[in-house]
Amino acid sequence: MVLTERVALITGAGRGIGKAVALRLAAAGASVAAVDIEAEAAAGTAEEIRETFSATSSSFACDVSDYGQAASVVEEVIGKYGSLDILVNNAGITRDSLIMRMKPDDWDLVLRVNLTGAFNFTRAAARQMTKQRSGSIVNISSVVGLTGNAGQANYAASKAGLIGLTKSAAKEFAPRGVRVNAVAPGFIETEMTSRLADEVKEQWHRIIPLGRGGTAEDVASAVLFLAGPDSEYLTGQVIQVDGGMVM
Ligand SMILES: NC(=O)c1ccc[n+]([C@@H]2O[C@H](COP(=O)([O-])OP(=O)(O)OC[C@H]3O[C@@H](n4cnc5c(N)ncnc54)[C@H](O)[C@@H]3O)[C@@H](O)[C@H]2O)c1
């Protein structure tokens, strides 16, 4: 129970990796604010946490790309729980196509949700965390942010941008005791990847040295490490959870 008395806010917590992270942090003792654009999904995660771990958890409907919504969720969470110790910027979307065919709106939307969303919550949470002189922010990037990927220019740019945001924020907040790190998952079996064609999934699996796709729980393990005291001397780092796919 390394996170007892810690308050964690996770965006995109309604399903997939965000939900697995929310459950894992709650299992480690944290009070969890589950944030998602899908109100019912967020409520489902919070309810599962309360039932499974008898832990404190609430849900918040919020579009991370809107700064006003992000700031008011952070304010509500601090009002309710008295602090904010862990922020996991996980909400993310894809709108894949080749650059020549990519609609400018799809470029904008992916950048707004994946990158601006993380900036919004980081900015809103930083005031409290720097005042407390403690906190851990974990951004969910992607190996695609390191390698690029044909057909995912918007997504790859947003995930590379998250790495720049992580390192800049790590440098800005380190003197105030706030750490900022990123996790870069490889191919993880969630609803996001279930939409891919079977041959695309097979292609991914073929290039993973450990021979399988990852699970949301594999990512949650890395987030728990970065969120908690076991990583207290790490900041500005990107941990790949990819079965060895990119090295
Ligand atoms: N699945 C993978 O293989 C993989 C690999 C690398 C990185 N990632 C990243 O991990 C994160 C989670 O991915 P996942 O596979 O669990 O995806 P998912 O689609 O299963 O879940 C994403 C969640 O984010 C929420 N969301 C979407 N837009 C939002 C918004 N504007 N505001 C608030 N919430 C919003 C969705 O409602 C959903 O609950 C994403 O950032 C994704 O880019 C996933």
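Preceding this section is the structure that the text describes.
Residues numbered from 1 in each chain as written. Predicted model: local features only at pLDDT ≥ 70, side-chain atom pairs only at ≥ 80, totals over all residues. Heavy atoms only, no water.

Q: Which residues make up the layout of surface pockets, and what values go with them?
A: Approximately 1,100 Å³ is the volume found for the largest pocket. Around the largest pocket, the lining is made up of 45 residues, and of these Gly92, Ile93, Thr94, Met192 and Arg195 lie nearest the centre. Broken down by secondary-structure element, the contributors of at least two residues to the lining of the largest pocket are helix 1 (16–27), strand 2 (31–36), helix 4 (104–132), helix 6 (153–173), helix 7 (191–194) and helix 8 (198–206). Along the lines of polarity and charge, the residues of the lining of the largest pocket split into 22 nonpolar, 14 polar and 9 charged. Roughly 260 Å³ of volume is contained in the second largest pocket. Taken together, 17 residues make up the lining of the second largest pocket; nearest its centre are Gly135, Ser136, Gly177, Arg179 and Glu232. Taken together, the elements giving at least two residues each to the lining of the second largest pocket come down to strand 5 (135–140) and strand 6 (178–185). (1 Å grid on protein atoms, 1.4 Å probe; cavity = no way out; pocket = protein on both sides within 12 Å on 5 of 7 lines; lining within 4 Å. Points joined across faces, edges and corners; volume = space filled by probe spheres on them. Helix = DSSP H or I, 4+ residues; strand = E, 2+ residues; numbered from the N terminus. Nonpolar A, V, L, I, M, F, W, Y, C, P; charged D, E, K, R; others polar.)

Q: Help me get a handle on unusual backbone geometry, residues and values and all.
A: We note that Glu5 has phi near 65°; this positive angle belongs to a residue other than glycine. By secondary structure assignment, the location of Glu5 is in the segment before strand 1 (7–11). For Glu5, a relative accessible area of 73% puts it in the exposed group. Positioned with a positive phi, Ser54 is a non-glycine residue whose angle comes to about 50°. Mapped onto the elements, Ser54 comes out in the loop between helix 2 (39–53) and strand 3 (57–61). A relative accessible area of 67% means that Ser54 is categorised as exposed. (Buried < 20%, exposed > 50% of the residue type's maximum accessible area, 1.4 Å probe, protein only.)

Q: Run through the site of the ligand, naming residues and quoting values.
A: For the ligand, the set of nearby residues contains 29 residues, the closest of which are Arg15, Asp36, Asn90, Tyr155 and Thr190. At 3.4 Å, a backbone N or O of Gly186 approaches an oxygen atom of the ligand. Its free accessible area being 830 Å², the ligand has 96% of it covered by the protein chains. Applying the majority rule of atoms within 2 Å of the grid points places the ligand in the largest pocket. (Near = heavy atom within 4 Å. Polar contact = N/O pair within 3.5 Å; in protein donor to acceptor, adjacent residues only side chain to side chain. Areas by Shrake-Rupley, 256 points an atom, 1.4 Å probe, with all protein chains shown as cover. Sits in = over half its atoms within 2 Å of the grid points.)

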